[in-house]
Structure formats: C-alpha cells, structure tokens
Amino acid sequence: EPTDCDDANDCTLDSCSPESGCEHVDVECDDADFCTENLCDAVGGCRFEPVVCNDNDNLCTDNLCDPNTLGTDGLTGCFYTPVDCSDGDDCSIDSCVAAIGCVYTPLDCDDDNDCTTETCVTVGGCVYDDVDCSDGDMCKEPSCFPDGGCVYEPVECDDSDFCTDDSCKA
C-alpha cells in the first residue's frame, strides 16, 4: 500500500521518494505582479494581497503601483513621484512639507526702500513703483531717501538783488 505523504499543508507539494521517503517541497506562489504580495496559507494555498504603496504618509509624493515594473523601493511596483505644488501664482513661494502637503507662503516684496511702493501681481511677482513726493507746494523741493522717505526742503528764492524782498508764495 502506498505511503500517505500528505502533510495537510497547501503550501507544499507532497511526494514520496523510494530513496528518502516523504518529501514536502514549498509551493512557488508568484503571480508575476509587482503590485501584489505573494502569500501562502497552509489551508487554502496561494493568495495574492494588494501591495499598499505608502511612502511613510509623505504628502509630498504621489504613490503609484505598476504591476509590470519593479518600483523605487526595489521590492514592489511602488513608485513615489513628487507632488507638483505649483499654484501658478508668482506671489507665493510654493513648497511641500511631508506631514501636511503643499504650502503656499506669501512672497514678501518689501525692499526696505521708503522711496518705493511694493505690490505683487500673480503673473510677474513683485512690482516696485517710485513714491511720488510732490505735494503741490511750489515753495518746497521734494526728495526721497530710501531710509526715511519724502523730505521737503524750502525752495531758494534769492534773486541776488538787494533791492527786493525774496520769498516764496505757494
């Protein structure tokens, strides 16, 4: 009567060799899909669980799986490609923080020059316009200093004639 070599393990191929007796060779569970984990259950045999592509909860990467290509981790078909955080607004500094994702920091256009006004436009970024120091008073000469802004000096009205009173009337 033949020897019963069944080990009741669906993960082995059971046979009997006249030279050595019962042999149990591991079953090869490989579906050739890089997006599944190849597993074997003693009861039920081979099963293929979907791989979870998770780059440590890094919100700055898109997690994709290609069943036909070995991915960036060298074990599965997982690929982690950088997220594009560009918002198309030149008035923000676009960056990404792994724990929170895309961050849009307002661009600081302050040039520390009191003789310019700073604005930001979506296409182009910072714009600097000269401050207009004129106040309509013809008796004052306006000028501007980067560290202080507009300054008004009296206009010199001396006509070099000692017989006239020199003054300025606005």
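Residues numbered from 1 in each chain as written. Predicted model: local features only at pLDDT ≥ 70, side-chain atom pairs only at ≥ 80, totals over all residues. Heavy atoms only, no water.

K.L.:
Describe the state of the cysteines, with residues and values.
P.N.:
Applying the stated criterion across every chain, the model contains 12 disulfides. In this model, Cys11 is linked to Cys40 through a disulfide, with the two sulfur atoms separated by 1.9 Å. Taking the torsion about the sulfur-sulfur bond, which here is approximately -115 degrees, the covalent link between Cys11 and Cys40 counts as left-handed. Here Cys11 is found in the segment before β1 (12-17), whereas its partner Cys40 is found in strand β3 (residues 36-41), with 29 residues between them in sequence. (Disulfide = S-S within 2.5 Å. Helix = DSSP H or I, 4+ residues; strand = E, 2+ residues; numbered from the N terminus.)

K.L.:
Can you break down the packing of aromatic side chains residue by residue, with the values?
P.N.:
If you walk through the whole model with that rule in mind, you get zero aromatic pairs. The positively charged end of Lys140 is found above the aromatic ring belonging to Tyr152, 5.7 Å away from the centroid. (Phe/Tyr/Trp six-rings, centres within 6.5 Å; stacked < 30°, edge-to-face > 60°. Lys NZ or Arg CZ within 6 Å of the ring centre and 35° of its normal.)

K.L.:
Could you give an account of unusual backbone geometry, with specific residues and numbers?
P.N.:
Phi at Ala8 takes a positive value of approximately 60 degrees, unusual for a residue other than glycine. You can call Ala8 exposed: its relative accessible area is 59%. A positive phi angle is found at Ala32, which is not glycine, with a value near 60 degrees. On the secondary structure map, Ala32 appears in the loop between β2 (21-26) and β3. (Buried < 20%, exposed > 50% of the residue type's maximum accessible area, 1.4 Å probe, protein only.)

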